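One-letter residues, chain by chain:
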Amino acid sequence: MTHYTAETFTPAEQDILRRYVTNLRQPVFALVNLPEVVKGALFARYSRTHKSLRRLLIDEFVDDLDISGDETIDATVGVARAEQLYQRVFVEYGDDSVAQLGAVHLACEQASNLLTKVLERGRLMSYLEQSTRYLAYDERLHGRYRYHRPPAVTNSAAGTRFVGDVDAMFDSYGDMVQRMTAWLTEHHDAAPSVAGAGGDLARRRAIRAQAFDAARGLLPAASLSNVGIFGSGQAYEALLLRMRSHPLPEARSYGDLMLTELRKVIPSFLRRVDQPDRGIVWSDYLEANRIAMQDFAAELFAEETPEPVPEVVLTDWDPAGEDKMLASMLFPYTDLPESQIAARVADMTEAQRVDLVHRYVGERTNRRHRPGRALERLDYRFDVLADYGSFRDLQRHRLLTIEWQPLTPRHGYTVPRLVDAAGGGEAYDEVMERSANLYDAVVDAAGPLEASYAVSMAYRVRYAMQFNAREAMHLIELRSQPQGHEDYRRIVTAMYRQIAEVAGHSAVAAMMSHIDLSEGVLGRLGAEKATMARRSAEPA
C-alpha cells in the first residue's frame, strides 16, 4: 500500500476548508462551492508553488472570499435529487452525453512523473501540472525528498538501495542548480543585464528558470508532482476505466482514491465504473488486450535490437496533402461538390495557390491567430527519440495522437549545453550512471515496470506523435519560443524543417509565421521582462 504524507491544519483552517474541499487528508480531493474563476485561478497558481492546493487556498485565496454565509454549505445537498434525475434520463433515453454536462476540478497531489502521464492522457480534459522550471524539486516534504516509493520496490531486496540512490540523485540535482545559477550569474554573455525598472529581478528569475531547466534531467521519474484536472463526468469515467486496467500499481490505487472523491460530487456519472457487468468488464477488456499485444510483440521481435535513428523522423505524410488542404479552404465558400473543387485546384497556377493561402491565413499578428479547419485535412506522423523531460511537456498537447514506449536507460541520455559549458558534465554523467545501475538492480528485484521510477529524466524515451497541420502550427509555434526548454525547441524545429523539406509542404511551413528558430541561451529573460512590465503598469 502506498503511504501519502498528510497535511495538518488548525481547527479554524479545517472549518474553512470543509466548505470547499471533499477531504482534508488524502492526496486527491475535489473543489466545491467556489466560483469558477476562483477554481481556475487556484489551478493557475498551483503550477508555480510548492504548496498543496488546500494550503494555497488558505494562505492566498480565503481572505478574498466572502464566507460569511457559507457555514451551512454542504456539497452533498441536492445530490440525491440530481442522481434520481440522471438515472431517469439515462435509463429511459440511454443518453451518455448527459455525463458531459457535469464537471469537476480535481486536485491530484503527490503523483509520480510516471503517473502524471497516465492522468494527462485523455483529450477531453484540461490539466495543469507543477512546473520543473519555477520550483526547486529538492524541497523536502516532512523531511523527505519528494519522490514516490513504490511498495513493490521498497519491500524488495533493492529497497534500501533505491531510497539511498534516489536521495543521492536529488542531492546532485540541488548541487547542479547551485552550480548553474552561479555560472549564469557570472557569465554576462549568457545572461545579459537588463536596463530599466525591475531589470535585475527579471534577470535573476530568468537565471533561476534556466538553472532549473539545466538540472531537471537529473530528477528521477519517481519525482512527485501535483496535477490539477478539470473534466466532465464522462471524461473522468474513461480515465478511471483506463487507470483500473493499468499495469502500474500506483495508477490503480490512485484511481481508487479519485473515484472516492469524485463520487462525493458527481456520483451518478461514475456509477458504472466498478459495476461487474459494466466498468469492471470494460477494464478487463482493456487489460486483456494490452497483455495479448505485449506477448505478441515480445515473440515477434525477440531477436530484434533498435537500429540507430535520428532524434526526430517524419515517418508518414500525404504527398497530395497540400492540394487537399487548398480544396478544403475553398469548400465552405462554394456550392460545388468537393471533387469538382479538387479538379479546379489541380489546374491553379502557383500564383493563384499562393494568393489562396494568403487570403485564407490572413494577417497573423500573433501566434494565437490561427486559420480554420482546412488545415486539419492533412496529417504528419513523427518518430521521436528524445529525453523524458521534453516528452513530459509535449505529451500534454491533447489534440495530437501520441503513443510511447516504456522508460528505460537503454537509449542513452542528453546533456544540456549549459551544463557542459559550466563544467558540470562529469557530475551529470555520474548521476546517469547511478540511475542506470539502480534501474538494473530494481529490474532484478521488482521487474522492469517498477524500475522505470529509477530512470532520470535526461534519458531518452521513444514516442510517436501524429497531428494535423493545424495542431502542427500550434505545437511548433508555441514550443519554439525562446522561453521554451532547449530540448523541446530542438524537437519542434526539426519537425518544422521536415514538414517543409521532407514532405515538401512549403505552404504549410510558410503559414507558421510565428516560429522562432533563434538559439537564445537565456530565452526566459524576455518573458520575465514582460511580466515585470505588466506588474509595474498595474494600478496600486
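Residues numbered from 1 in each chain as written. Predicted model: local features only at pLDDT ≥ 70, side-chain atom pairs only at ≥ 80, totals over all residues. Heavy atoms only, no water.

K.L.:
Would you mind going over unusual backbone geometry with me for this structure?
P.N.:
Glycine aside, a negative phi is what most residues show, and trans is what most peptide bonds show. Phi at N33 is positive, roughly 60 degrees, even though this residue is not glycine. Mapped onto the fold, N33 is located in the loop between β1 (28-30) and α2 (36-46). Unlike most non-glycine residues, H142 shows phi in positive territory, near 55 degrees. Here H142 shows up in the loop between β4 (140-141) and β5 (144-145). Among the residues examined, H142 registers a relative accessible area of 57% and is labelled exposed. (Helix = DSSP H or I, 4+ residues; strand = E, 2+ residues; numbered from the N terminus. Buried < 20%, exposed > 50% of the residue type's maximum accessible area, 1.4 Å probe, protein only.)

K.L.:
Is there a simple way to explain the packing of aromatic side chains in this structure?
P.N.:
One pass over the full model with this rule turns up 10 aromatic pairs. A ring pair is formed by F382 and F467, whose centres lie 5.7 Å apart and whose planes are at 25 degrees; its orientation type is stacked. In this pair, F382 is assigned in strand β8 (residues 379-387) and F467 in strand β10 (residues 460-468), connecting sequence segments 85 residues apart. Using a relative accessible area of 1% as the deciding quantity, one classes F382 as buried. Consider the rings of Y388 and F391, whose centres lie 5.4 Å apart with planes at 40 degrees: the pair is tilted. Of the two residues, Y388 and F391 both sit in helix α15 (residues 388-394), 3 residues apart, roughly one turn of that helix. (Phe/Tyr/Trp six-rings, centres within 6.5 Å; stacked < 30°, edge-to-face > 60°.)

K.L.:
Hey, could you run me through empty space enclosed by the protein in this one?
P.N.:
The rolling of a water-molecule-sized probe over the atoms marks out the regions of remaining empty space. For the structure on display, the rule yields 2 cavities of 30 Å³ or more. Within this model, the largest cavity holds a volume of roughly 50 Å³. Split by residue class, the lining of the largest cavity holds 5 nonpolar, 4 polar and 4 charged. (1 Å grid on protein atoms, 1.4 Å probe; cavity = no way out; pocket = protein on both sides within 12 Å on 5 of 7 lines; lining within 4 Å. Points joined across faces, edges and corners; volume = space filled by probe spheres on them. Nonpolar A, V, L, I, M, F, W, Y, C, P; charged D, E, K, R; others polar.)

K.L.:
What is the right way to read the nonpolar core from this model?
P.N.:
Nonpolar side chains in soluble globular proteins tend to be buried together. Core analysis: the largest hydrophobic core is formed by 120 residues, its most contacted members being F162, Y236, M258, Y463, M465 and M495. The element contributing the most residues to this core is helix α7 (residues 159-186), with 10 residues. When neighbours within four sequence positions are excluded, Y236 is seen to be in contact with V104, H105, L106, M125, I229, F230, G231, L262, I266 and L270. Core analysis: the next-biggest nonpolar cluster, separate from the first, contains 20 residues, I16, Y20, V38 and F61 among them. (Core = buried A, V, L, I, M, F, W, Y, C linked by side-chain atoms within 4.5 Å. Contact = heavy atoms within 4.5 Å.)

K.L.:
So what exactly am I meant to see when it comes to the sheet that holds strand β3 (residues 125-129) here?
P.N.:
In space, the 4 strands of this open sheet follow the order β1-β2-β6-β3, with antiparallel pairing throughout. Looking at which strands have only one partner, the edges of the open sheet turn out to be β1 and β3. Neighbour-to-neighbour, the strand axes of the sheet open up by a mean angle of 20 degrees, direction not taken into account. As defined by bridge partners, strand β2 (residues 103-112) adjoins strand β6 (residues 224-232) across 8 bridges and the pair is classed as antiparallel. Considered in β6, the bridge of A111 is made with S225. (Pairing = 2+ DSSP bridges. Axes fitted to C-alpha atoms, helices over the stretch in contact; angles between N-to-C directions.)

K.L.:
Help me out: how do you make sense of the side chain of E250 in this one?
P.N.:
Position of E250 among the secondary structure elements: in helix α10 (residues 249-262). The side chain of E250 sits in the buried core without any salt bridge; R252 is the nearest counter-charge, 11 Å away. Other than its neighbours up to four places away in sequence, E250 contacts Q110, A111, S112, L115, H148 and Y453. (Lys, Arg positive; Asp, Glu negative; His and termini not counted. Salt bridge = Lys/Arg side-chain N within 4 Å of Asp/Glu carboxyl O.)

K.L.:
Which parts of the structure should I look at to understand the side chain of Q395?
P.N.:
Residue placement: Q395 occurs in the loop between α15 and β9 (401-404). Within the local environment of Q395, its side chain forms a polar contact with the side chain of K117, the two groups lying 3.1 Å apart. Beyond its immediate stretch of four places on either side in the chain, Q395 contacts K117, E120, R121, I402 and W404. (Polar contact = N/O pair within 3.5 Å; in protein donor to acceptor, adjacent residues only side chain to side chain.)

K.L.:
What is the right way to read a negative patch on the surface from this model?
P.N.:
There is a patch of like negative charges on the surface, built from D420, E426, D429, E430 and E433. If you tally residues by element for the negative patch, the top one is helix α17 (residues 425-446), at 4 residues. Of note, D429 is situated in helix α17. (Patch = residues over 30% accessible without salt bridge, like charges linked within 9 Å, V, L, I, M, F, W, Y side chains within 5 Å. Areas by Shrake-Rupley, 256 points an atom, 1.4 Å probe, with all protein chains shown as cover. Charge placed at Lys NZ, Arg CZ, Asp CG, Glu CD.)

K.L.:
What exactly am I supposed to notice about the packing of α7 against α17 here?
P.N.:
Two numbers describe how α7 lies on α17: the axes approach to 10 Å, and their chain directions differ by 160 degrees. The pairing of α7 with α17 is recorded here as roughly antiparallel in orientation. Every pair of crossing elements has a handedness; the one defined by α7 and α17 is left-handed. Here α7 contributes R161, F162, D165, V166, A168, M169, S172, M176 and R179 to the contact with α17, which in turn contributes A427, Y428, V431, R434, S435, N437, L438, A441 and V442. Considered class by class, the residues forming the contact of α7 with α17 number 11 nonpolar, 3 polar and 4 charged. (Parallel < 35°, antiparallel > 145°, perpendicular 65-115°, else oblique. Left-handed = near helix turned anticlockwise from the far one by under 90°.)

K.L.:
Would you explain the pairing of β8 in this entry?
P.N.:
On a regular strand, one side chain projects to one face of the sheet and the next to the other, so that they alternate. As defined by bridge partners, strand β7 (residues 312-317) adjoins β8 across 5 bridges and the pair is classed as antiparallel. Bridge pairing in β8 places W317 opposite Y380. Two strands pair when backbone bridges link them, and β8 and β10 are joined in this way by 9 bridges, in the antiparallel orientation. For L385, the partnering residue across the bridge sits in β10 and is R462.

K.L.:
Sorry, what's going on with the packing of helix α12 (residues 321-330) against helix α13 (residues 338-346) here?
P.N.:
A pair of packed helices is characterised by two quantities: the angle between their axes and the separation of those axes. For the pair α12 and α13, interaxial distance at closest approach is 9 Å and the crossing angle is 120 degrees. The angle between the axes of α12 and α13 places the two elements in the oblique class. Once α12 is placed against α13, the crossing between them reads as right-handed. Counting all contacts with α12, which are made through D323, L326, A327, S328 and L330, the residues of α13 involved are E338, I341, A342 and V345. Grouping the constituent residues of the contact of α12 with α13 by class yields 6 nonpolar, 1 polar and 2 charged.

K.L.:
Could you clarify how one ought to interpret the environment of P249 in this entry?
P.N.:
Checked against the element boundaries, P249 lands in helix α10. In sequence terms P249 and A152 are 97 residues apart; their C-alpha atoms lie 8.8 Å from each other.

K.L.:
Would you mind showing me how to read the sheet that holds β8 here?
P.N.:
The strands making up a sheet associate through hydrogen bonds between their backbones, and the pairing can be parallel or antiparallel. As summarised here, the arrangement of the 4 strands in space is β7-β8-β10-β9, forming an open sheet in which the pairing is antiparallel. In the strand order of this sheet, the two ends are held by β7 and β9, each with one partner. Strand-to-strand twist of the sheet, defined as the mean angle between neighbouring strand axes without regard to direction, takes the value 20 degrees. With respect to the sheet, helix α19 (residues 469-479) is in contact with β8 and β10, its orientation differing from that of β10 by roughly 130 degrees. Strands β7, β8 and β10 of the sheet are contacted by helix α20 (residues 486-501), whose axis makes an angle of about 150 degrees with β8.

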